[in-house]
There are 2 protein chains.
Amino acid sequence: MKNYIIKDEWNIIEEGFDASLGKISESIFSIGNGKMGQRANFEEQYSGDSFQGSYVAGIYYPDKTRVGWWKNGYPAFSHKVINATNWIGLNIDVNGEALDLGRVNVTEFHRMLNMKEGYLKRTFIAELNTGIRVKITATRFCSIVDKEAGTICYEITPLNLATSLKISVYLDGDVKNEDANYDEKFWIERAKKTFQQGALLTMETKRTGFWLTTAMQYAMQIDGEIIVAKEKQILDEKFVAQEVDVILEPEQTLRIYKYAVNLSSENYPKELMENHAQQILQKIVKKGYDQLKIEQAAAWKNKWEESDVLIEGDIAAQQAIRFNIFQLYQTYTGEDARLNIGPKGFTGEKYGGVTYWDTEAYCLPFYLATANQQVARNLLIYRYKHLEKAYENARMLGFSNGAALYPMVTIDGTECHNEWEITFEELHRNGAIAFAIYNYIRYTGEHSYLEQYGLEVLVGIARFWAQRVSWSAAKQQYMLLGITGPNEYENNVNNNWYTNTIAVWCLKYAREAIIYVKESNPDRYEDIAKKLDFREDELSCWKAIEENMYYPEDQKLGIFLQQDGYLDKEQILVKNLPLSERPLNQKWSWDRILRSCFIKQADVLQGLYFFEERYSDEVIRRNYDFYEARTVHESSLSPCVHAILAAKLGDEKRAYEFYLRTARLDLDDYNNDTEDGLHITSMAGSWMSIVEGFAGLRVRENTLHFKPFIPEGWQSYTFRIRFRNTIFQVKVSKHEISITNQSSEERDVLVHNKHVKVPAYGTFKGELVGCQQIV
Amino acid sequence: MKNYIIKDEWNIIEEGFDASLGKISESIFSIGNGKMGQRANFEEQYSGDSFQGSYVAGIYYPDKTRVGWWKNGYPAFSHKVINATNWIGLNIDVNGEALDLGRVNVTEFHRMLNMKEGYLKRTFIAELNTGIRVKITATRFCSIVDKEAGTICYEITPLNLATSLKISVYLDGDVKNEDANYDEKFWIERAKKTFQQGALLTMETKRTGFWLTTAMQYAMQIDGEIIVAKEKQILDEKFVAQEVDVILEPEQTLRIYKYAVNLSSENYPKELMENHAQQILQKIVKKGYDQLKIEQAAAWKNKWEESDVLIEGDIAAQQAIRFNIFQLYQTYTGEDARLNIGPKGFTGEKYGGVTYWDTEAYCLPFYLATANQQVARNLLIYRYKHLEKAYENARMLGFSNGAALYPMVTIDGTECHNEWEITFEELHRNGAIAFAIYNYIRYTGEHSYLEQYGLEVLVGIARFWAQRVSWSAAKQQYMLLGITGPNEYENNVNNNWYTNTIAVWCLKYAREAIIYVKESNPDRYEDIAKKLDFREDELSCWKAIEENMYYPEDQKLGIFLQQDGYLDKEQILVKNLPLSERPLNQKWSWDRILRSCFIKQADVLQGLYFFEERYSDEVIRRNYDFYEARTVHESSLSPCVHAILAAKLGDEKRAYEFYLRTARLDLDDYNNDTEDGLHITSMAGSWMSIVEGFAGLRVRENTLHFKPFIPEGWQSYTFRIRFRNTIFQVKVSKHEISITNQSSEERDVLVHNKHVKVPAYGTFKGELVGCQQIV
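What you see is a predicted model; the values in this text were computed from it and never measured.

K.L.:
Looking at this structure, how should I read the overall build of chain A?
P.N.:
Along its length, chain A carries 19 helices and 33 strands. Over its C-alpha atoms chain A spans a radius of gyration of 27 Å, differing by no more than 12% from the 28 Å that the globule rule assigns to 775 residues. Oriented by its inertia axes, the alpha-carbon framework of chain A measures out at about 85 × 65 × 60 Å. The buried share among the 775 residues of chain A stands at 66%. Considering only contacts within chain A whose residues lie at least 6 apart along the sequence, 67% involve residues at least 24 apart.

Okay, structure coming up:
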């Protein structure tokens, strides 16, 4: 837990230089544009503790799996998004001494991430060991307009003495991953060159053969006057630079613009990459830094108009939710169905930049509501494209052709994980992927997605479950044995209630989808059935499983049981667990966690959240009370579901507490792990806590429902959501909810279960409680 | 499965050179003496596929743990017995061409392990590329008299042409482990030197700082005449050699004797190791090869007199059982309580040469019956010496002081294993260690072992179980949750019947041991109680657990259940499993194995074996029939327990089949893994199958019991066992059992539950069935 980020509505601010916070700030102040991302490493050399990270979407390396004890079925390689060519590098020598914040006296250090306009700015005064004082202002951003471009404006002003500077503007491809399993470097050099005020470096990943061409150009001004200095070209192994000498009088300011582009062979033919890189570089150089920055601000303005959540009366909450939204949109923008969202986005190496079920379960609702439909759709199509590999993955584990098991962790559809209890047994991911199709169609109304892409995925998933269940002759019911649920503090259990529930739901939804497509588009149905070799007698098998599935529950307590035998554990409540023993995952040995009743994230509650229409509030409340008391929330994905359920059950105080646990998780380094990177996917949970929790948003039968309340300390909160070509703005204040309809048609919504009309281009206002219309 | 070893009663024989079998033979033809061991690598250089292994007991290296996903509680280091200085090396250049079986034409290759006299002999004719044909005879052994010494007699005879030989007699410390987790080399050089016809090399292990001094001396004869050639000394990094040139006429024979000693700093002060090494070397050089070989044969004769099993009428079985006994005694001889038995002995790197529960559960009975009492006793004291580390190990997992959890895998008492489901959950090892104390006292009658060493261990183990059980409020019974039993094809189960059973047995036995010591030696009891801070109210807690333990069982089937929920699995029998799917551990993914009903080794049966007095034959039969049908025996430790139970239940045919599966496991490379090393600990299972299975040996109430039968194809089998200062020879033939008593007192034994008298220095003979005495 830290508390050094200065609260501000639109900016993330750090004052003063504290090297011990360096890696945390490198994560928090990360910039990105969905296609590339850059940790907040310094441009100039730095001898202090730093975690270098520059990532290009879609470029990965199959690192050889490291494992202590091999289990059959483990993948031999583990794909990871990798640290790529350092394009921000800009070394400064001041009268022969390196400007290095690890070695000079730093004052007036100020760092700011401007979320409104999408840039990072850092200023400081360095007193070098020679006594020279220089003032530095460095601003940079990854353009969300020109998505292959990053730009830096770096200003140096000597304050007290005339200064002779040696400046090296460079690209460095000799980078490594801290998480490399065998200390291997992943890149080899393909080509490099320098040109007038610029250079270019093409690197290739070993094994996968991705090419990355990085081109840079710089320009310099002294006090606004363009200067051109004599250059020295440096071409080293995996490294290119231009070095220039500049002499400054005191108070003169040298401004260096560095323009860089990163092109991936995923998007260009390899033989043309250099050409394209230079063309795109020229285009952005021509636009120039100021114009790029204006366009950046304008583009972010558009993003915020669709996705902002405005909170009045709670600056910490305001800063947090904007930070979460900002980082989500820095990570994924949804134009490219080959890309997805890693739990750390582009802000670190942990979890390998790869995709988990987080995307479907947590991120999808955010993108559905805050971006155009294609964005969420691309997240679905990403999985559709991996269907062949999901078949292969299932085959590897002994399932027959046609059963699809999506990987626990992946970039290109291949399984990248190797812990047997997770890789082979945490199967609920297959359910979340099916649920996302349902959720997408429920939200968008685009039923034709089923016939286009959805049905094939659903059949593969249903076939998997149909093979994975086993028949208990003893109980005369179907079961799922050897399962790890979303609560990873239990491994290899029998009949995880959540997994049994979502498995059967998948079978049922797949069955309904087949019937729907068969009726709505018989020709397409025939094509799919032929392609999948689908026989309708499979449906009766699925139905038999639906009808005869076993679900663990306890009649006396009136709760669903997390798994068989859960009540045999010693039932201790979290409130009785000494604080000194937490977090359990740091204080207890793994076996002790496993055999305790404590829960990382409550998967029964996850199921009640997904399928809440099926259960009465009483059932939800009993389960909520039971499981919440045993949940330690040591997954960043846990609190949001609790926030939403607490809100639904009217426990507004708890709902707000849960919101806070996710929202400022990284800004306050709550779990002491922000230095590894940000918790990108759980950021969507913060948004869900407000919109689905506080405002009670649901989509039921093609209509928006709200059940709003407002946290005690807030004056109001306002958010915008897209829903079927309308943008709604919803404002909840102390006593009032107002819903504005930005479309040309009147819309019907429900507030506290009452139908209300929101006029075209108009606003409905109602009392917060009871929802009497206010005229 | 291979079938290339030639059957012979006393020898293991390979005819013909097949490089593809090289690594398998390197394992099978291993030699050792309990203090060091040597795979059957060639003395001369070899470019073919080879797995080099030379091991010195007690010298280990803490290799940095390799793990994919770290779990709290894992040890940071994993100790392993390591490949040490190559002392057999002897390179031969023939007219400038290396004698290398990978590069020359080899004929008349013959390799023999003479088990009766304890040496390895290899002969072959090599036709070099120059056309020269040389005959080689190489004989070597590790002395079981001079336990630090190994000796080689290497003869070279050119057959067709005069030959100029260059011979390099060397010690090479620049060796590595194939299983090094990070490709690290474990040794650094401390000292080296050469002297007249000899050399010395002292190596030190990194981190652990063990020193190993290896000294060698050679002597040469041509046709029996001693020659001394001009030497060239080679001192390279971690390498010393003496090179000599010798010219031979056709049919002349050069004989090279190489004497080597390996001294460990575990046994000598480091500063004196060189001196001692040279002294011991001189001693064995002075004895000379022929004398050493005579002494070796005599010493092995003594060993065989105590431990041989003679089988008439089945040469394959005869060869197999002798091979098993021979390898056991090459691995462990029991003089040094710091040493123990690794599953691969000194024949490979797999399992790191470290100690598992195999020692207590499988090896102890063999050593109890075939060696003097001190040998088995030292195996127990080994664990006593590790008690402090067992406390520490338990503390690391969150147990309080005074609870002892012995490691799953260890050399010096430190846990060396890192698979959570094994390391943290396969707790039955703690039971086997307590059971070994009981078994030792039952066999030897040495009750005072309890007060000397046993009680402290028992209390530590009992305290562990008392803390590890949990109370199920739902069932109002004690349980053991999160357990892996000996059947490792189930992980993290609740209430493994075997573990629950042995845990309660431990509590009860510890309680009885306390009462016994308190009565028999109150002063000593007071000392122990004080040392352990033992309070007698702990006894009532243990008793409560004994009385209220939950045991899973199925009333309808009348069987104990392997664990909770076992009958929810699909019940398929092994006989219905296609052969193409076996072994499961190679054909199935891990999760599929886990959720199947198939059993690696049946732990319910292990429990019935340990505690058979408690259960009626009917109960044993029902459980045997149920579990045997589901057991795939993919642990080498599995078949022997089945053999013993099958024998007990009168199923003689099956008992014999199970015996065969262990006995020739390595000779026939049954599991395709002999190249990794031999299955040393399961070899004790072969002996158990004959003695406890076929002959039905038990010790009950201080008396030997026999219930013999003879496998169909055998004429007779004869074994010797020590029992309380008597050596009995037991011979079972087609219709008769004869028991010879080699002591000066008449002995009472039971045969088929009838008391019979065996006269002093005399023999009892009875009918095999019914046991009517034959006069």
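Now, onward.
K.L.:
Would you take a moment to explain the relation of the copies chain A and chain B for this structure?
P.N.:
Superposition of the two copies of the chain requires a rotation about an axis and a shift along the axis. For the pair chain A and chain B, the relating rotation is 180°, the translation along its axis is 0.0 Å, and the fit reaches an RMSD of 0.1 Å. On this basis, the relationship between the two copies can be described by a two-fold rotation axis. The position closest to the rotation axis in chain A is occupied by the C-alpha of A:Val67, lying 2.4 Å away. A symmetric contact is evident, with 100% of the interface residues of chain A recurring at the interface of chain B.

K.L.:
Would you mind showing me how to read the sheet that holds strand S20 (residues 309-312) of chain B here?
P.N.:
Think of a sheet as strands paired side by side through backbone hydrogen bonds, with each pair either parallel or antiparallel. Residues and elements named next belong to chain B. Read from one edge of the open sheet, five strands run S20-S27-S28-S29-S32, paired in antiparallel fashion. Among the strands making up the open sheet, the edge pair consists of S20 and strand S32 (763-767). Taken pair by pair, the neighbouring strands of this sheet meet at an average axis angle of 15°, ignoring direction. Looking at chain direction, strand S29 (residues 736-741) and S32 are connected through five bridges and run antiparallel. Note that in S32 the partner of Ile737 across the bridge is Gly766.

K.L.:
Would you mind going over unusual backbone geometry with me for this structure?
P.N.:
Negative phi characterises most residues that are not glycine, and trans characterises most peptide bonds. The amide bond that connects A:Arg582 to the next residue, A:Pro583, takes the cis arrangement and shows omega of -5°. In this fold, A:Pro583 is placed in the loop between strand S25 (559-560) and helix H13 (584-587). The phi torsion at A:Asn753 lies on the positive side, around 70°, for a residue other than glycine. One can find A:Asn753 in the loop between strand S31 (747-751) and strand S32 (754-758). At B:Gln197, a position not held by glycine, the phi torsion is positive, near 55°. Summarising the element assignment, B:Gln197 is placed in the loop between strand S13 (187-195) and strand S14 (198-205). The exposure class assigned to B:Gln197 is buried, which follows from its relative accessible area of 12%.

K.L.:
Looking at this structure, how should I read the sheet that holds strand S19 (residues 239-248) of chain A?
P.N.:
Residue and element names in this part refer to chain A. The strand order S8-S7-S13-S19-S18 describes an open sheet built from five strands, whose pairing is antiparallel. Pairing within the sheet leaves two strands with one partner each, and these edge strands are strand S8 (97-98) and strand S18 (231-236). When strand S7 (residues 90-94) meets strand S13 (residues 163-172), the two strands line up antiparallel, connected through five bridges. Its bridge partner lying in S13, Leu90 is registered against Val169.

K.L.:
I keep staring at the pairing of strand S30 (residues 747-751) of chain B and nothing clicks. Help me out?
P.N.:
Residues in a regular strand project their side chains so that they alternate between the two faces of the sheet. All names here are of chain B. Bridge analysis of strand S26 (residues 703-706) against S30 gives two bridges, and the strand direction is parallel. When the sheet's bridge partners are listed, Phe706 is paired in S30 with Val751. One ladder, built from five bridges, connects S30 with strand S31 (residues 754-758); its direction is antiparallel. Considered in S31, the bridge of Val751 is made with Lys754.

K.L.:
Can you walk me through helix H18 (residues 652-663) of chain A in this structure?
P.N.:
Residues spaced three or four apart along an α-helix face the same direction, because each turn holds 3.6 residues. Residues and elements named next belong to chain A. Look at H18: 16 Å from first C-alpha to last across twelve residues, which is about the 16 Å you get at 1.5 Å a residue. Restricting attention to buried positions, one finds in H18 the residues Ala655, Phe658, Tyr659, Thr662 and Ala663. Projected down its long axis, H18 carries its buried residues within an arc of 130°, all on one side. On its buried face, H18 sits against strand S21 (309-312), helix H3 (315-331), helix H16 (617-628), helix H17 (638-648) and helix H19 (680-694).

K.L.:
I tried to follow the interface of chain A and chain B on my own but got confused; where do I start?
P.N.:
Listed as interface residues are 45 residues of chain A and, on the opposing side, 45 residues of chain B. Interface area, chain A with chain B, both sides summed: about 3,900 Å², of which 49% is carbon and sulfur. Ranking the residues of chain A by area buried against chain B places A:Trp69, A:Asp568 and A:Arg595 at the top, with a combined share of 19%. At the boundary of chain A with chain B, the tally comes to 24 residue pairs in polar contact (both at pLDDT 80 or more). Counting only elements with at least two residues in the side of chain A that touches chain B, the list comes to helix H7 (420-423), strand S22 (470-472), H13 and helix H14 (590-595) of chain A. It is H14(A) that contributes the most residues to the side of chain A that touches chain B, five residues altogether. Each residue belonging to the side of chain A that touches chain B can be placed in one class, and the counts come to 17 nonpolar, 13 polar and 15 charged.

Rules used throughout
Residues numbered from 1 in each chain as written. Chains lettered and ligands numbered in written order. Predicted model: local features only at pLDDT ≥ 70, side-chain atom pairs only at ≥ 80, totals over all residues. Heavy atoms only, no water. Helix = DSSP H or I, 4+ residues; strand = E, 2+ residues; numbered from the N terminus. Rg over C-alpha atoms; globule rule 2.2 N^0.38 Å. Buried < 20%, exposed > 50% of the residue type's maximum accessible area, 1.4 Å probe, protein only. Contact = heavy atoms within 4.5 Å. Least-squares fit on C-alpha atoms with pLDDT ≥ 70 in both. Pairing = 2+ DSSP bridges. Axes fitted to C-alpha atoms, helices over the stretch in contact; angles between N-to-C directions. Expected span 1.5 Å × (residues − 1). Arc of directions from axis to C-beta. Buried area = accessible area lost by both parts, 1.4 Å probe. Polar contact = N/O pair within 3.5 Å; in protein donor to acceptor, adjacent residues only side chain to side chain. Nonpolar A, V, L, I, M, F, W, Y, C, P; charged D, E, K, R; others polar.

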